[in-house]
Amino acid sequence: MRSDAAGGSAPKSPIPTSPIIEMKGVSKGFGGGSGERVAALQDINLELTEGTFTAILGPSGCGKTTLLRLIDGLVQPDAGTVRVAGHPPRPGPEMGFVFQSFRLIPWRTVRGNVEFALVEAIADPAERRRRADRYIERVGLSRFADAYPRQLSGGMKQRAALARALACEPEILLLDEPFASLDAQTRELMQVELMRLWSERKSLAVFVTHSVDEAIFLADQIVLMGPRPGRILEVIDVNLTRPRWSYDVRAEPRFAELRQYLWERIRALVLADPQSDFYGRDEVQSVSTGS
Amino acid sequence: MKIILYRIGVLVALVLIWWFFSTIVERQLIPSPLATFHAAERLIAEGRLSTALLDTLTIYIGGYGAAILIGIPLGLLMGTARTLGKTLDIFIYALSATPRVAFIPLIIVFLGLGASAKTFIVFLGAVMPILINAYAGALNSDEDLVEMARSVGASKSRIFREIVLPGALPFAITGLRIGATIGLINTVVAELYTAVRGLGGLLAIYGNTFRMAEYFVIVFTLAFIGVLVTTALRLLEMRLERWRGNGA
């Protein structure tokens, strides 16, 4: 069982190998002490296989980021097990993490930031520098290798953060709404950029987003999550031909079909969530279904 | 460059105002700029100024240096080992809120009137802002950056050296600057309350005997030390924080 699937197509990975990431009955809460402990994630069962690009999609408050942190080993589950390649996960160069707010070190240059992530993996400073420069070049930032983060635009900062995560040549790439703070154009360009970079070396990618379009455009499979407590509702195969930048994916009937289906489900989730601003507001019209 | 011209303008205006008041205030309670200048020449020629300056600087540098050597590591330790910090900080705040002059009789009882008592008084004044700011700097370390560093597998000591420490730097330098000023004040206070020596000693002597020109020379010397130290610290800050782009 890959999900607590409520309908939807049977989840099947494109490459049938043993899972790299395996979550079984994982629960995680926050708070506690005098206050009540709030469940961020409840009974998560998920298996992700090599070379797949998975989007974790859901409205805010469904524990998407917590899920990534659990996979990276930054936090430990309250219950259940997380296994990465058969072991409890430990943060390190085997997994690259791209954060929403870039998290570049302001007193280091772009090169210094990329090198920072390589210290554990590469002992020789000259080799480290060569590797950093190669990935800075790959994200198109060579001219800015010696620039400090404050001198970069949002898109350039996220390229630098991407270079930092990719430079370790990780088996697993974890991305936490990496493009959420970028403007619409930059965001679309970065999506294509990410696709190109990922297709050069297909690592297992887990991409957290609350954007339906982004999830369909990028992913092989979409894990739909619901809020409070965060749980997996469904795993959906995207089934759109790659590379997707070479044609107008958004014009495909499959794209429209997925988009409408996912949008309706998310809308229903948001309207049923007492914590949401739109709780119970059934008259709110869906603006984006294209139906 | 313009700023320097403006500063010179303000300086000239201040000297003019000073000169004006020196002509109208009776009994020469305010010496004229020229008389002050001559007094300075005399004090330098007699070697009194340099002797007193050396005395004062020895006390000041000794006390301030010790405050840095103890305040910065202790502050960083308290900010990193949170339980230790939370336990101790209330005592530090209490001590720093107490007027340090209150301790002077006690210090004299234990350390006498000599250099060690003076140095300790300077240390006590300077160490508090240095410690408290280093503590605040370490407490304010960017949790997001720390998590990023953890995710690339950085060790605890590397996170401390490369994330926490540089992040605490602006706070620490603010502490050094406040500590430098308080340290200088306490140097003079110490010289007035214990064995009357150094620049503080001369201040007392000339003040009590109404030798106002000499008195002014000492006041200006102290102001000059203050400017020198804070400027040096600002240059250090600019050098360490070039990435902010307000330096080169």
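Residues numbered from 1 in each chain as written. Chains lettered and ligands numbered in written order. Predicted model: local features only at pLDDT ≥ 70, side-chain atom pairs only at ≥ 80, totals over all residues. Heavy atoms only, no water.

Per an unreviewed UniProt entry, chain B is named ABC transporter permease, and its organism is Nitratireductor aestuarii. Among the UniProt annotations of chain B, the heading Subcellular location (unreviewed entry) holds the following wording: "Cell membrane". According to the UniProt record, the Sequence similarities (unreviewed entry) comment for chain B reads "Belongs to the binding-protein-dependent transport system permease family." (UniProt positions renumbered as here; feature names shortened; annotations may be inferred.)

An unreviewed UniProt entry annotates chain A as ABC transporter ATPase of Nitratireductor aestuarii. Database annotation for chain A, UniProt heading Sequence similarities (unreviewed entry): "Belongs to the ABC transporter superfamily."

Can you help me understand the packing of helix α4 (residues 154-167) of chain A against helix α5 (residues 184-200) of chain A in this one?
Each pair of packed helices can be described by the angle between their axes along with the distance between the axes. All names here are of chain A. At a minimum axis distance of 11 Å, the contact between α4 and α5 shows a crossing angle of 20 degrees. Classified by the interaxial angle, the pair formed by α4 and α5 is roughly parallel. Every pair of crossing elements has a handedness; the one defined by α4 and α5 is right-handed. On the side of α4, the interface is formed by Gly 155, Gln 158, Arg 159, Leu 162 and Leu 166, while α5 contributes Thr 186, Met 190, Glu 193, Leu 194 and Leu 197. Looking at the contact of α4 with α5, its residues break down into 5 nonpolar, 3 polar and 2 charged. (Axes fitted to C-alpha atoms, helices over the stretch in contact; angles between N-to-C directions. Helix = DSSP H or I, 4+ residues; strand = E, 2+ residues; numbered from the N terminus. Parallel < 35°, antiparallel > 145°, perpendicular 65-115°, else oblique. Left-handed = near helix turned anticlockwise from the far one by under 90°. Contact = heavy atoms within 4.5 Å. Nonpolar A, V, L, I, M, F, W, Y, C, P; charged D, E, K, R; others polar.)

I keep staring at the UniProt feature "transmembrane region" (unreviewed entry) in chain B and nothing clicks. Help me out?
Residue and element names in this part refer to chain B. In this structure's numbering, the residues bearing the UniProt feature "transmembrane region" (unreviewed entry) are residues 57-78, 90-113, 119-138, 159-185 and 215-236. Note that residues 57-78 is 100% helix and 0% strand, and that its end C-alpha atoms are spaced 30 Å apart. End-to-end, the C-alpha atoms of residues 119-138 are 28 Å apart, and along that stretch the chain is 100% helix and 0% strand.

It is not clear to me how the interface of chain B and chain A should be interpreted in this structure. Could you clarify?
Interface extent is often summarised as the accessible area lost during association of the parts. Between chain B and chain A, the residue contacts involve 19 residues of the former and 23 residues of the latter. A combined buried area of about 1,900 Å² lies between chain B and chain A, and 59% of that area is made up of carbon and sulfur atoms. Linking chain B with chain A are 5 salt bridges. The closest approach of N and O atoms between A:Glu120 and B:Arg158, which form a salt bridge, is 2.8 Å. In this structure, the connection of chain B to chain A is made through 9 residue pairs in polar contact (both at pLDDT 80 or more). Only α7 (143-151) and α8 (156-193) of chain B provide two or more residues apiece to the side of chain B that touches chain A. For the side of chain B that touches chain A, the element with the most residues is α7(B), which contributes 7 residues. Across the side of chain B that touches chain A, the residue classes break down as 8 nonpolar, 5 polar and 6 charged. (Buried area = accessible area lost by both parts, 1.4 Å probe. Salt bridge = Lys/Arg side-chain N within 4 Å of Asp/Glu carboxyl O. Polar contact = N/O pair within 3.5 Å; in protein donor to acceptor, adjacent residues only side chain to side chain.)

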